[in-house]
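Structure at a glance
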Amino acid sequence: MANIDFGGTVEEVVTSEEFTLQQAREALEKEVVAVLGYGVQGPGQALNMRDNGIEVIIGQRQGTASWDKAVADGFVPGNTLFPVEEAARKATVIQYLLSDAGQVAMWPAIKECLNEGDALYFSHGFGIVYREQTGIVPPENVDVILVAPKGSGTTVRTNFLDGSGINSSFAIHQDFTGRARTRTIALGIVIGSGYLFPTTFEKEVYSDLTGERGVLMGCLAGVMEAQYTVLRKNGHSPSEAFNETVEELTQSLIRLVAQNGMDWMYANCSTTAQRGALDWAPRFRDAVAPVFEQLYKSVITGEETRRTLDCNSAPDYREKLNEELAVIHNSEMWQAGAAVRALRPENRRK
């Protein structure tokens, strides 16, 4: 592992220089990896592993869009694509990548498929950390490990294809074989991680649930909507409001932040923009800090888990979700966004 100074705190991380792809292949050469669930994280991780020479099979319920997607991606029914339980029985590493509610529903059946010495792999600490609500308690004779990419399954794949990788955390909850750490790091490398940093199942799920509801998705969507609405109320056109709220952020400024940090982005903007951002950032920070405190408390007490399982386990979950997403899709703001994106030069050339 390499020691890296993160703003004054030294942490250990693993890159493909310390643990090479060849070492990862050797560590996993006798393993059969079953990816259970071909929805969000499953495709990216499975395809990256397959491209890296790992023996991968898919477990997915037949007759679903995800089964059809696996077939389209080259997995063959009866050969590398099986019903969920059959895939679990064939594997030595079971990547449990069903939705959180799906993991709860399938756990009694999956538990019976585990053999001594298998590795039960998660990309989210949800099921293990909130086991009093999920009922997911693994047997003592298996490794229980985690690699959590810091991005969507789509990005796991696209970053792998462009050669950049995506950062991932890793953790060991249970080491039965004495090889859990090696297995975990090897799997992190072959799914295409840019670098790996250690965590615990608890810290992963607390940070992840907070991040998704906060800056990464919930906060971002809410703040964008608030600014767009204020601009529209004050007579700005949809095109202008959307460009100033979303397009400039996603197509320019956030890319500068990604390259060299927030200070570098400030330095590459006008002095007027710098002054305004420096003056107003503390006000936004102080305004939302109490909301983040409430959010984090809701995460660690299990209230967010309760709501997630209640909503996502309902028989009409998919219909209600589609209705909620349709409200966003059909809103003026995001219809304006579709028009703006269509006007990008690269899209006009298609």
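Quick caveat, the model's predicted, so the values are computed rather than measured. (Residues numbered from 1 in each chain as written. Predicted model: local features only at pLDDT ≥ 70, side-chain atom pairs only at ≥ 80, totals over all residues. Heavy atoms only, no water.)

Below, the discussion takes up the UniProt feature "binding site: substrate" (unreviewed entry) in the protein chain. Feature annotation in UniProt assigns "binding site: substrate" (unreviewed entry) to the following positions: Ser270. Tracing the backbone through its elements, the reader meets Ser270 in the loop between helix 13 (262-267) and helix 14 (271-300). Overall, Ser270 belongs to the partly exposed group, its relative accessible area being 44%. (UniProt positions renumbered as here; feature names shortened; annotations may be inferred. Helix = DSSP H or I, 4+ residues; strand = E, 2+ residues; numbered from the N terminus. Buried < 20%, exposed > 50% of the residue type's maximum accessible area, 1.4 Å probe, protein only.)

Nonpolar side chains collect at one region of the surface, where Val215, Leu216 and Met217 lie side by side and expose about 330 Å² of accessible area between them. Note that Val215 resides in the loop between helix 10 (201-213) and helix 11 (218-233). For Val215, a relative accessible area of 55% corresponds to the exposed category. (Patch = residues over 30% accessible without salt bridge, like charges linked within 9 Å, V, L, I, M, F, W, Y side chains within 5 Å. Areas by Shrake-Rupley, 256 points an atom, 1.4 Å probe, with all protein chains shown as cover. Salt bridge = Lys/Arg side-chain N within 4 Å of Asp/Glu carboxyl O.)

If you check the domain split of the protein chain, you get domain 1 (2-198) and domain 2 (214-347). If you average the C-alpha positions of domain 1 and of domain 2, the two centres end up 30 Å apart. Tallying the contact residues gives seven residues for domain 1 and nine residues for domain 2. Between domain 1 and domain 2 lies a buried interface of about 570 Å² when both sides are counted; carbon and sulfur atoms form 66% of it. For domain 1, the biggest contributors to the area lost against domain 2 are Ala101, Tyr130 and Gln133; these three give 72% of the whole. There are zero salt bridges connecting domain 1 and domain 2. For the interface between domain 1 and domain 2, the tally reads three residue pairs in polar contact (both at pLDDT 80 or more). (Domains from an automatic or database assignment. Contact = heavy atoms within 4.5 Å. Buried area = accessible area lost by both parts, 1.4 Å probe. Polar contact = N/O pair within 3.5 Å; in protein donor to acceptor, adjacent residues only side chain to side chain.)

Per the UniProt record, "binding site: Mg(2+) 2" (unreviewed entry) is annotated on Asp208, Glu244 and Glu248. The named residues occupy 41 residues along the chain; their greatest pairwise C-alpha distance, 28.7 Å, places them well apart from one another. The contacts of Glu244, once residues within four sequence positions are left out, are Gln227 and Leu231. When neighbours within four sequence positions are excluded, Glu248 is seen to be in contact with Asn243 and Leu253.

Here we come to the nonpolar core. Within the largest apolar cluster, 34 residues are counted, with the highest numbers of intra-cluster contacts made by Leu36, Tyr96, Phe122 and Phe201. Looking at which domains feed residues into this core, each of domain 1 (2-198) and domain 2 (214-347) gives three or more. Formed by 32 residues, the second largest nonpolar core is a distinct cluster that contains Val33, Leu47, Leu97 and Ile185. (Core = buried A, V, L, I, M, F, W, Y, C linked by side-chain atoms within 4.5 Å.)

Following the criterion strictly, the structure yields 15 salt bridges and no others. Here Glu204 and Lys150 are joined by a salt bridge, their closest N and O atoms 3.8 Å apart. Of this pair, Glu204 sits in helix 10 while Lys150 sits in the loop between strand 8 (143-149) and helix 8 (153-161), and the two are 54 residues apart along the sequence. Residue class for Glu204 comes out buried when judged on its relative accessible area of 2%.

Before going further, it helps to spend a moment on the sheet that holds strand 3 (residues 33-36). Reading across from one edge, 5-4-3-6-7-8-9-10 is the order of the eight strands in this open sheet, with mixed pairing throughout. A single partner strand is all that each edge strand has here, and the edge strands are strand 5 (81-82) and strand 10 (193-198). Pairing between strand 4 (residues 56-59) and strand 5: two bridges, direction parallel. Along strand 5, the bridge assignment pairs Gly59 with Phe82. (Pairing = 2+ DSSP bridges.)

Under the definition given, this model contains nine aromatic pairs. Ring geometry for Phe126 and Tyr130: centres 5.6 Å apart, planes at 65°, overall edge-to-face. For Phe126, a relative accessible area of 1% puts it in the buried group. Aromatic side chains Phe242 and Trp334 sit 5.3 Å apart centroid to centroid with 85° between the ring planes, which places their arrangement in the edge-to-face category. With Phe242 in helix 12 (residues 238-260) and Trp334 in helix 17 (residues 332-342), this pair connects stretches of sequence that are 92 residues apart. (Phe/Tyr/Trp six-rings, centres within 6.5 Å; stacked < 30°, edge-to-face > 60°.)

Turning our eyes to something else, we now look at the packing of helix 2 (residues 42-51) against helix 8. Two elements in contact, helix 2 and helix 8, have axes separated by 8 Å at closest approach and are oriented at 25°. Taken together, the axis directions place helix 2 and helix 8 in an arrangement best described as roughly parallel. On the side of helix 2, the interface is formed by Gly44, Gln45, Leu47, Asn48 and Asp51, while helix 8 contributes Gly153, Val156, Arg157 and Phe160. Taken together, the residues of the contact of helix 2 with helix 8 break down into three nonpolar, four polar and two charged. (Axes fitted to C-alpha atoms, helices over the stretch in contact; angles between N-to-C directions. Parallel < 35°, antiparallel > 145°, perpendicular 65-115°, else oblique. Nonpolar A, V, L, I, M, F, W, Y, C, P; charged D, E, K, R; others polar.)

A word on the side chain of Ser193. Mapping Ser193 onto the fold places it in strand 10. Here Ser168 takes part through its side chain, which lies 2.8 Å from a polar atom of the side chain of Ser193. Among the polar contacts listed, one links the side chain of Ser193 to the backbone oxygen of Gly188, at a separation of 2.7 Å. Residues contacting Ser193, with those up to four places away along its chain left out, are Val147, Gly165, Ile166, Ser168 and Gly188.

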